[in-house]
Amino acid sequence: MAEAGEEEAYSYKGMSADNIKGLVLALASSIFIGASFIVKKKGLKKAGASGIRADCHWNDFMEKGIQ
């Protein structure tokens, strides 16, 4: 049977498949979050340039309710 020190040294050689999957998922998540931020920012700039506001009908909704 191998000693504890030898097992520890062996377990830290290279990246396991689970570590690689985790790294790929983390990178993909970061890319999608960044892309989402960019799309949202461009949409808000476009809406701001056209004068459309998200809250322009809020008072109508509060007064009339859902119909």
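Here the structure is a predicted model, which is why all the values come from computation and not from measurement.

## Brief notes about the overall build of the protein chain
(1) Moving on: Summing up its helical and strand segments, the protein chain has 3 helices and 0 strands in all.
(2) Moving on: When burial is assessed residue by residue, the protein chain has 0% of its 67 residues classed as buried.
(3) Moving on: On the protein chain, roughly 6600 Å² of surface is accessible, and the fraction owed to carbon and sulfur atoms is 64%.

## Topic: the confidence of the model for the protein chain
(1) Moving on: When the pLDDT values of the protein chain are averaged, the result is 77; 58% of them are 70 or greater.
(2) Moving on: Per-element mean pLDDT across the protein chain ranges from 56 in helix H1 (residues 4-11) up to 91 in helix H2 (residues 17-50).

## Observations concerning a nonpolar patch on the surface
(1) Moving on: Among the surface-exposed residues, Met 15, Ile 20, Leu 23, Val 24 and Leu 27 lie close enough to one another that they form a single nonpolar patch of about 470 Å² accessible area.
(2) Moving on: Inspection of the secondary structure assignment puts Ile 20 in helix H2.
(3) Moving on: Owing to a relative accessible area of 44%, Ile 20 belongs among the partly exposed residues under this scheme.

## A few points about H2
(1) Moving on: Over its 34 residues, H2 runs 49 Å from end to end, which matches the ideal 50 Å to within 8%, given 1.5 Å per residue.
(2) Moving on: Residue Gly 51 follows H2 closely and has a positive phi angle near 90°.

Rules used in this analysis
Residues numbered from 1 in each chain as written. Predicted model: local features only at pLDDT ≥ 70, side-chain atom pairs only at ≥ 80, totals over all residues. Heavy atoms only, no water. Helix = DSSP H or I, 4+ residues; strand = E, 2+ residues; numbered from the N terminus. Buried < 20%, exposed > 50% of the residue type's maximum accessible area, 1.4 Å probe, protein only. Areas by Shrake-Rupley, 256 points an atom, 1.4 Å probe, with all protein chains shown as cover. pLDDT = per-residue confidence, 0-100. Patch = residues over 30% accessible without salt bridge, like charges linked within 9 Å, V, L, I, M, F, W, Y side chains within 5 Å. Salt bridge = Lys/Arg side-chain N within 4 Å of Asp/Glu carboxyl O. Expected span 1.5 Å × (residues − 1).

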